[in-house]
Structure formats: structure tokens, C-alpha cells
Amino acid sequence: MNVNARIVIIGCGISGISAAHRLLNSGFHDVRILEATTRSGGRIKTSSLGNIIVELGANWIHGPCEENPVFCLARKYRLLDPEALNPENQTVDIGGHLPWIPSDLYAAREMLAELLDECSVFQSEGGEPCTSVGEFIRSEVQQRVAEKWKATDAAARSLRMCMMSTVLKRECCYNGTHSLDEVGLGAFGLYKTLPGLDCTFPGGYEGLIKSLMSELPSGLVTYNQPVHCVHWNSSEKRENPVVVECADGERITADHVIVTVSLGYLKKHHSTLFHPPLPLHKLHSIQRLGFGTNNKIFVEFDSAWWDPDCDIICLLWEDEDTLVDQVPDVPRSWIKKLFGFSVLKPTERYGHVLCGWIAGHESEYMETLSEQEVSHAITQLIRRFTGNPTITPRRILRSQWFHDPWTLGSYSYPGKGCSVQDLENMMEPLPTKGSQSQPFQVLFAGEATHPSYYSTVHGAVLTGWREADRLQRATQIDRIQPPS
Ligand code: 6YU
């Protein structure tokens, strides 16, 4: 390996861009990115509703603090509001869960927060009592409700259980899963939060992409260039041992290829994307890890019908007092999976816009409907809950991540039976033990390859840097070893 190595990065999302930056800064110069679509950013996607900026993909910097590379980059490029830079903001530790749940759901919120904390310990201690987070919560809630709420009358208790269902649906959005029954209990605690109050990009998350791209040489990215197959491990001894075959038939040779496609894409296309196929242990991890759908539906109104101090509107269904996070008849009642709306703030910047959150197969079904059908369902929902038959949205805009052929969902989560080994398998390069005679040919980056910050932008950035550093380390070894 040497700094003249030819490196191809597949995918121009934040992990691919981060890898390219790091490689060029380490002295590699023959680097290019192949991107299937017409744009950079992947799941960082800023759009507009009229003249209001909205995020169809990533929304927040989760845990903006000194250890968070996204926060540091955003600060460097001056992309944040002054409050986000306030040192006090960076020390608040919310542990990832609570602020989204309004205080009137207090009893349900307290019990669920306690249970989610308990779910996190199994990974370090092992011996989990059941396979999924959903099963654990359901069995524990039954016991605890009988104990702790025994003085509460039946009607109030039933209402609290409905609140719990809403909170579970909200957790499905956060975890990007169809149901908490699909989230593995053993690996739930692998996800780590960083301190700091989550903040947003006032000018849009894509500002980060634009700033990073402006520092890369023009022509580094080839757009509209989907990769069809990575031919690796050739028996022929060649100068550039990997051949990247594009969908249009073009064949590009390389010494190293960094694959950054989503876990959803790997799940669906692994058998055609790699020749020879991936080793079985890697393939099993790809299958075990979860990749679900979380979508947003932005709804704009002429005026606000909610209180000025309202941050979140949660919807409670009176027939959901049995801890449900899925709807029985998706085509008829998919909208019941939408747990509620967050209010975009400040009003001076966003006007009167709500963001509805919906996860799972119900969300995937929503994507198949026309915009008018979604708008109609949202209008009926709001009229039903407010009792006001005249409320009418001005316009809506929704994300459709499941039907995006280059993403096929939103982000990853540990599925049932997952362990830290699966995330380690995800990041393992091929061949597994690179050496001078057999250097790493295929390397893996992207959010689903980070052992504790999977599903986030900062996790994705760190994986791009990690793989660039892996190649740089290998080069340094070459420099001190005499050529054979
Ligand atoms: C975050 C947030 N956030 C909401 C929603 C989504 C995500 N995330 P990319 O896919 O970007 O790039 C791959 C590229 O490859 C892409 O351009 C493709 O076109 C291309 N490609 C594919 N196939 C190809 C081929 N064959 N040839 C060539 N090119 C090809 N993260 O930090 N804050 O608020 C949210 C949110 C709706 C969809 C998010 C958030 C996730 C990030 O967006 C995501 O991780 C990164 O952008 C991925 O970058 P990448 O480079 O890896 O892939 C307990 C516990 C819980 C654990 N979960 C906690 C949840 C925390 C996440 N929060 C999410 C919340 C929101 C709202």
C-alpha cells in the first residue's frame, strides 16, 4: 500500500465525504467518490415547504459537545445559532430519551424511562430475560402497573396505558423500527449518547455537506453513477486488484474501495454487490441488524391552533390501552401509528408548521399514498382530535425513505439476537487481516458500522474517518518496512 493507492468510495453521504476529506488530508491523492444519485448528502436532506427550511432526513446534532465531530464541524463552519454554542448547552446530559415526552404524560413517561434504562444494562451484564425490548417492557409494565397504580381508578389507569402506547410509538420513531418487539434487548445498551442539548442547523443540515464539499477538489464525485458490483479477491496479481463495475457497464480499477451504502441497501443487494460474496459471518450480521423506517410529515397552517408554549402534541387513542405499537389493519388505520407532532420553533423562522412522526410498516404504507391522500388523512386526524371541523392545512411535505432505492429505510438498530460482535463484523474490512502481500481491498463505513453511535450523523462521520485512518496506518507500515 502507498499514498499513490487508487481509492474509490461508494456513496457520497456524510460518511463517504468524511472518508474522502481524511484521505486527502493524509496525503492520498487518487481518491474518487461514485454516487448513485444527483446529489451529495444521502440521508442529510434539506428541503423547503414554501419558503420554510425543513429537514427530510437528519434533524439534530445529537449531543452537541466537544467529542461530537458534527458539532465541532458545524461550529467551525459557523452553521449554528449562538445558543447552541453556549458552553452550558454542551454539558446538559439528557441520556437520549426524555425531552420529547410532554409533562402531562408524567406517570407513563416515568415508568417507561425507568424501563428503557433497565433495558440498557443487559448488554453489559448479559442474561437478558427475553429477546426484545418490546417483550420486556410489556411483561414489566403489567407487574408494575398492578403494584404502583393500584390506588388509581380503572378509567385513569386505562388512560395512562393509552399514553404508554403513544410513548411506545414514539420510541419506534426514535429507534427507526416497526415495533419494539423487533429491537434486541441484549444489544439495546450498545447505543451511547453524548452530553449536550440537541440542536439544529438554522440554515439546514445540508449546509454542513456544502461546507465540506467546498473543500474537496471539484470533479472528485461522479454523480448518477450507481455501482453494480465490487469484484474483489481476484486470483490474478494485478496492480489495482479491485474492479468496481458500475450500472452503466463502466469498470473502474482500484486498490481499495470504501463501501458506505446503507444497511438497507446491503440487506437487499449484498448478493449482487460483491463478487465473491461476503463471508458468512458478515452476512449474518447484516441480516441480524435491523433497518427500519421513520418518516416525517410536515404540515403547514395559516395560523397556529395550538398554544404558543406548546412544543409537542401527542395523540392518545382510547382503544389502545393494551400497550400497542402497531396497528392491526394498516391500509385502514395506518394514521394511528403517527404518535404526534413536534412544533417547529421559533415561529419567526418556521411560521406555523408541525412535523408529524410515523415509523414502521404503517409509515412505509403511507409512502405509497398520494400527497392528497396523506393530506386528507392528516386533516381528518387533526379535526377529530381538536373537534374543530374547519382546520385545514395549507400544504404538506413528507419523506419517503423506504421507497428511496438508494437507502431503503431510515437508519439501523440492533435487532433480536444482536450483540457487539455484529457491529464489529459490520466494520471488518476484506480480506479480514490486511497485510503487505494481501492488503485491505474492501472497507466498510456508514452509520450502521459504528459500534455505539449507529443511526446518527456523528457516528457516520467517525466511521468515514476510521476507514481512512485504517488505510493511512497500513501505508505507514509500508513506509517503515523495506520493500520485499
Ligand atoms: C442524526 C438526527 N434523524 C431522521 C431520518 C433519517 C435519518 N438520522 P447515507 O445513506 O447518507 O449515504 C450513502 C450514500 O450512498 C447515499 O448518498 C446513496 O445515494 C449512495 N448509494 C447507495 N447505493 C449506492 C450504489 N450502489 N452506488 C453508488 N452510491 C450508492 N442522525 O444524527 N440526527 O436527527 C437524525 C434522522 C428521517 C432518514 C436520521 C439522524 C440518521 C442520519 O441521517 C444517518 O445516520 C447518516 O446521515 C447516514 O450517513 P451515511 O453516510 O452512513 O449514509 C436507544 C437507542 C436508540 C438508537 N437510535 C437512536 C436514534 C438516533 C437517530 N435519530 C434520528 C432522528 C432523526 C430525526
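Refer to the structure presented above.
Residues numbered from 1 in each chain as written. Predicted model: local features only at pLDDT ≥ 70, side-chain atom pairs only at ≥ 80, totals over all residues. Heavy atoms only, no water.

Student: Before we go on, may I ask you to explain helix 13 (residues 371-386) in this structure?
Tutor: Owing to its 3.6 residues per turn, the α-helix aligns residues three or four sequence positions apart on the same side. Under the 1.5 Å per step criterion, the end-to-end length of helix 13 is 22 Å for 16 residues, consistent within 8% with the ideal 22 Å. Along helix 13, the positions that sit buried rather than exposed are V374, A377, I378, T379, L381 and I382. Of the surrounding secondary structure, the elements contacted by the buried residues of helix 13 are strand 12 (294-300), strand 14 (340-343), helix 12 (360-368) and strand 16 (395-398). (Helix = DSSP H or I, 4+ residues; strand = E, 2+ residues; numbered from the N terminus. Expected span 1.5 Å × (residues − 1). Buried < 20%, exposed > 50% of the residue type's maximum accessible area, 1.4 Å probe, protein only. Contact = heavy atoms within 4.5 Å.)

Student: Hey, could you run me through the packing of helix 1 (residues 14-25) against helix 7 (residues 206-214) in this one?
Tutor: The geometry of a pair of packed helices is captured by two quantities: the angle between their axes and the separation between those axes. Two elements in contact, helix 1 and helix 7, have axes separated by 10 Å at closest approach and are oriented at 25 degrees. Classed by the angle they form, the pair helix 1 and helix 7 counts as roughly parallel. Crossing of helix 1 against helix 7: the hand is left-handed. Seen from helix 1, the contacting residues are I14, I17 and H21; seen from helix 7, they are L208, I209, L212 and M213. (Axes fitted to C-alpha atoms, helices over the stretch in contact; angles between N-to-C directions. Parallel < 35°, antiparallel > 145°, perpendicular 65-115°, else oblique. Left-handed = near helix turned anticlockwise from the far one by under 90°.)

Student: I tried to follow the environment of T463 on my own but got confused; where do I start?
Tutor: Secondary-structure assignment places T463 in helix 15 (residues 457-480). Judged by relative accessible area, which is 0%, T463 ranks as buried. In the structure, T463 is positioned 381 residues away from P82 in sequence and 29 Å away in space, judged by C-alpha atoms. Ignoring anything within four residues of it in the chain, the contact list for T463 reads S15, A445, G446, T449 and H450. A distance of 2.9 Å separates a polar atom in the side chain of T463 from the backbone nitrogen of G446. (Polar contact = N/O pair within 3.5 Å; in protein donor to acceptor, adjacent residues only side chain to side chain.)

Student: Before we go on, may I ask you to explain the site of the ligand in this structure?
Tutor: The environment of the ligand is formed by 42 residues, the closest being S15, E35, R43, W60 and V457. The backbone of W60 places a nitrogen or oxygen atom 2.8 Å from an oxygen atom of the ligand. With respect to the ligand, the backbone of T456 contributes an N or O atom lying 3.1 Å from an oxygen atom. Coverage of the ligand by the protein amounts to 98% of the 1,300 Å² it exposes when considered alone. For the shell around the ligand, the elements supplying multiple residues, two or more each, are helix 1, helix 6 (154-175) and helix 15. When grouped by side-chain class, the residues that make up the shell around the ligand number 22 nonpolar, 17 polar and three charged. (Near = heavy atom within 4 Å. Areas by Shrake-Rupley, 256 points an atom, 1.4 Å probe, with all protein chains shown as cover. Nonpolar A, V, L, I, M, F, W, Y, C, P; charged D, E, K, R; others polar.)

Student: What is the right way to read helix 9 (residues 280-288) from this model?
Tutor: All of the buried residues along helix 9 are K282, L283, S285 and I286. An end-on view of helix 9 places all buried positions within 160 degrees of arc, on one side of the element. Against the buried residues of helix 9 lie helix 8 (263-273), helix 14 (420-427) and strand 18 (442-444). (Arc of directions from axis to C-beta.)

Student: Just to check I follow, could you spell out the packing of aromatic side chains for this structure?
Tutor: One pair of aromatic rings is described through two measures. These are the centre distance and the angle between the planes. Inspection of every chain in the model, using the stated rule, returns 11 aromatic pairs. Plain terms: the ring middles of F301 and W306 are 5.8 Å apart, the flat faces sit at 75 degrees to each other, and that makes the pair edge-to-face. For the pair F301 and W306, a shared accessibility class is recorded, and that class is buried. Ring geometry for W317 against F385: centres 5.0 Å apart, planes inclined by 80 degrees, an arrangement best described as edge-to-face. One end of the pair, W317, is in the loop between strand 13 (312-314) and helix 10 (330-333); the other, F385, is in helix 13, and 68 residues separate them in sequence. Here the aromatic residues Y174, Y191 and Y454 are joined through ring pairs into a cluster of three or more. A cation sits over an aromatic face here: K45 above W401, 5.9 Å from the ring centre. The lysine or arginine in question, R470, covers the ring of F440, its NZ or CZ lying 5.8 Å from the ring centre. (Phe/Tyr/Trp six-rings, centres within 6.5 Å; stacked < 30°, edge-to-face > 60°. Lys NZ or Arg CZ within 6 Å of the ring centre and 35° of its normal.)

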